[in-house]
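Secondary and tertiary structure notes
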Amino acid sequence: MKDQDKLRDKAIEILKSNDRGGYTVPTARLYPYQWNWDAGFSALGWATFDEARAWRELDLLFQGLWEDGLLPHIVFHQQSPDYYPGPEVWGTDGKAALPTSGISQPPVSASVARWMLDRASDTELAEARAAALYPKLLTQHRWWHQARDPENTGLVCTYHPWETGRDNSAEWDQPFTAVPETDTVFQRRDTALVDSAERPHQSEYRRYIYLVELFRSLDYDPPALYAQSPFKIYDIGINSILVRADRDLLALSERFGSAADQSDLRARLEQASAGFSKLWNAELNCYNGYDLLADKRLELPVSAGFLPLYAGLPSSDRAQSMSRELGRWGDRTRYLVPSLAPDHPLFEPKRYWRGPVWSVVNYMIGLGLQEYGFGDLAERIRADTLALTDVGDFHEYFNPEDGSGCGGGVFSWTAAIALWLSARQNHEPKS
Ligand code: DGY
């Protein structure tokens, strides 16, 4: 059996072992529910060997859709003693058909649905499932455009690092100085399961929980959150992922939607592209997020700063500078793409989003580079991602210096991206 076949078999085994009857937990115990962007990427993995199961992943995620259009970052399909904060802390009863968290996560679902539709072997099934999902995707996107951009700037804001998916990125250090720590005494479960040197600090957790408690006290009301959240950021990851997903939703809309949907989405895409102009950082050769309360850019060289490539937004000159910068990072560390530049003083190769490599971010950056014509660099990132999966044994994230696996093991999205990358090689669609 070839090494690539072994890797593939193991990845399939991981997805199957994390299947909980139609949804996939990121990994047993550490993350015992269905997470939003994890579900999207897991679906891509399932799609390589079981298309019906892949569509079911998205269907179960959208069971948690709120009436107002928020697609939660966690859907609590069942109880688990292993995770904090669980449904009782979020207190979102009545918002959706199932208990959920009260924030969202990077909106990859429309892109995933489009990819699954475009590459389906069972086209009849895919047409039917995508058509059924389309109105829910539209509701989800409208929520982002309206609830999170009430002033029509073209950029959506976020109120919680968990919503960005990059919980302890160095980008939040400064904005977090304005967020109080909760007085609530709570028991973290993550550090009982994973080395605490690979997880966020306790002071960050106290602020994460403070924000949850505040949002709950405001009944998750969008205008109240916009007015009162002490953490209010244009996250470069969410905004880039949303632009790509808006484009993919537009493509779906041409098949399943109305002319009015399409003209709304086109207008939104134009607005977003104007909004991004203030996020370019010519010194760092990447884009940055923006702190709305401090009214300044978050000037840090993070991997998410290259996600505008995935959104197709940079001019070719900017894309060229970005690929050169990534090449420079690649000369300074064994594996691309570290979540923080490897020569930055805050770089920590094992601590969650402050240095480690994440397969899903690699996938999106690699795809963007390829679409801009930087094939060699895209191929290096693809090869590094697969090598890390092997060397670091399907962990949640990886030390960019030696490839060792960090965080949770037996990890669904790492397995899923390995499956997708090996199945599709470099044959992604142009869009
Ligand atoms: C966690 O619990 O670590 C998650 O990132 C929150 O979604």
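This text gives an overview of the structure that appears in the document. All values reported here derive from a predicted model rather than from experimental measurement.

Description of the overall build of the chain
When you go through the chain residue by residue, the secondary structure sums to 17 helices and 9 strands. Relative to its length of 431 residues, the chain is compact, with a C-alpha radius of gyration of 20 Å against a globular reference of 22 Å. Overall size of the chain, expressed as C-alpha extent along the three principal axes, is 55 × 50 × 45 Å. Across the 431 residues in the chain, those meeting the buried criterion constitute 62%. Considering only contacts within the chain whose residues lie at least 6 apart along the sequence, 71% involve residues at least 24 apart. Summed over all atoms, the accessible surface of the chain reaches about 15300 Å², with 47% contributed by carbon and sulfur. Looking at the chain, you have 44 positive and 60 negative side-chain charges, and the mean spots of the two groups are 2 Å apart.

What about the nonpolar core?
By size, the foremost hydrophobic cluster in this structure holds 139 residues, and its most contacted members are Phe41, Met116, Tyr363, Ile365 and Leu369. Contact partners of isoleucine 365, with chain neighbours within four places excluded, come to Ser303, Phe306, Leu307, Leu326, Val337 and Ile381.

What about the environment of threonine 182?
Structurally, threonine 182 can be placed in the loop between helix H7 (161-164) and helix H8 (190-193). Through-space distance from the C-alpha of threonine 182 to that of serine 203 is 9.4 Å; in sequence the pair is 21 residues apart. Side chain to side chain, threonine 182 and glutamate 213 meet in a polar contact 2.6 Å long.

Structural notes on the sheet that holds strand E7 (residues 296-297)
Spatially, 3 strands are ordered E3-E6-E7 in an open sheet, and the strand pairing comes out antiparallel. Pairing within the sheet leaves two strands with one partner each, and these edge strands are strand E3 (233-234) and E7. Bridge count for strand E6 (residues 290-291) against E7 is 2 bridges, and the pairing is antiparallel. Bridge pairing in E7 links tyrosine 290 to arginine 297.

Comments concerning helix H14 (residues 316-332)
Counted at 1.5 Å a residue, the expected span for H14 with its 17 residues is 24 Å, and the 25 Å between its end C-alpha atoms agrees. Ala319, Ser321, Met322, Ser323, Glu325, Leu326, Trp329 and Gly330 are the residues of H14 that are buried. If you follow the buried residues of H14, they end up packed against strand E4 (280-281), strand E5 (286-287), helix H13 (308-311), helix H15 (359-371) and helix H16 (375-391).

Topic: the site of the ligand
Contacts to the ligand come from Tyr31, Trp35, His73, Tyr83, Trp162, Asp167, Arg199, Tyr205 and Tyr352. Take aspartate 167: an N or O atom from its side chain is 2.5 Å from an oxygen atom of the ligand. Placement of the ligand is best described as lying within the largest cavity. When the residues that make up the shell around the ligand are grouped by side-chain class, the tally is 6 nonpolar, 1 polar and 2 charged.

Considerations on empty space enclosed by the protein
A complete count under the given rule lists 5 cavities of 30 Å³ or more for this structure. Taken as a whole, the largest cavity encloses approximately 210 Å³ of empty space. Surrounding the largest cavity, 19 residues form its lining, Tyr31, Trp35, Gln105, Asp167 and Tyr352 being those nearest its centre. For the lining of the largest cavity, the per-class residue count stands at 12 nonpolar, 3 polar and 4 charged.

Regarding the packing of aromatic side chains
Going through the model one piece at a time under the given rule, you end up with 32 aromatic pairs. Across from the ring centre of tyrosine 226, 3.7 Å away, lies the NZ or CZ of lysine 232, which sits over that ring. The ring centre of tyrosine 290 lies 4.4 Å from the NZ or CZ of lysine 278, which sits over that ring.

So, a negative patch on the surface
Negative charge collects at one region of the surface, where Asp3, Asp5, Asp9, Glu13 and Asp390 lie side by side. It is helix H1 (residues 3-17) that provides the largest number of residues to the negative patch, a total of 4 residues. Mapped onto the secondary structure, glutamate 13 falls in helix H1. Overall, the relative accessible area of 54% leaves glutamate 13 in the exposed class.

Description of the environment of arginine 166
With respect to the helices and strands, arginine 166 occurs in the loop between H7 and H8. Not counting residues up to four positions away in its chain, the partners in contact with arginine 166 are Pro161, Glu171, Trp172, Asp235, Ile236, Gly237, Ala304 and Trp353.

Scoring rules and cut-offs
Residues numbered from 1 in each chain as written. Predicted model: local features only at pLDDT ≥ 70, side-chain atom pairs only at ≥ 80, totals over all residues. Heavy atoms only, no water. Helix = DSSP H or I, 4+ residues; strand = E, 2+ residues; numbered from the N terminus. Rg over C-alpha atoms; globule rule 2.2 N^0.38 Å. Buried < 20%, exposed > 50% of the residue type's maximum accessible area, 1.4 Å probe, protein only. Contact = heavy atoms within 4.5 Å. Areas by Shrake-Rupley, 256 points an atom, 1.4 Å probe, with all protein chains shown as cover. Lys, Arg positive; Asp, Glu negative; His and termini not counted. Charge placed at Lys NZ, Arg CZ, Asp CG, Glu CD. Core = buried A, V, L, I, M, F, W, Y, C linked by side-chain atoms within 4.5 Å. Polar contact = N/O pair within 3.5 Å; in protein donor to acceptor, adjacent residues only side chain to side chain. Pairing = 2+ DSSP bridges. Expected span 1.5 Å × (residues − 1). Near = heavy atom within 4 Å. 1 Å grid on protein atoms, 1.4 Å probe; cavity = no way out; pocket = protein on both sides within 12 Å on 5 of 7 lines; lining within 4 Å. Sits in = over half its atoms within 2 Å of the grid points. Nonpolar A, V, L, I, M, F, W, Y, C, P; charged D, E, K, R; others polar. Points joined across faces, edges and corners; volume = space filled by probe spheres on them. Phe/Tyr/Trp six-rings, centres within 6.5 Å; stacked < 30°, edge-to-face > 60°. Lys NZ or Arg CZ within 6 Å of the ring centre and 35° of its normal. Patch = residues over 30% accessible without salt bridge, like charges linked within 9 Å, V, L, I, M, F, W, Y side chains within 5 Å. Salt bridge = Lys/Arg side-chain N within 4 Å of Asp/Glu carboxyl O.

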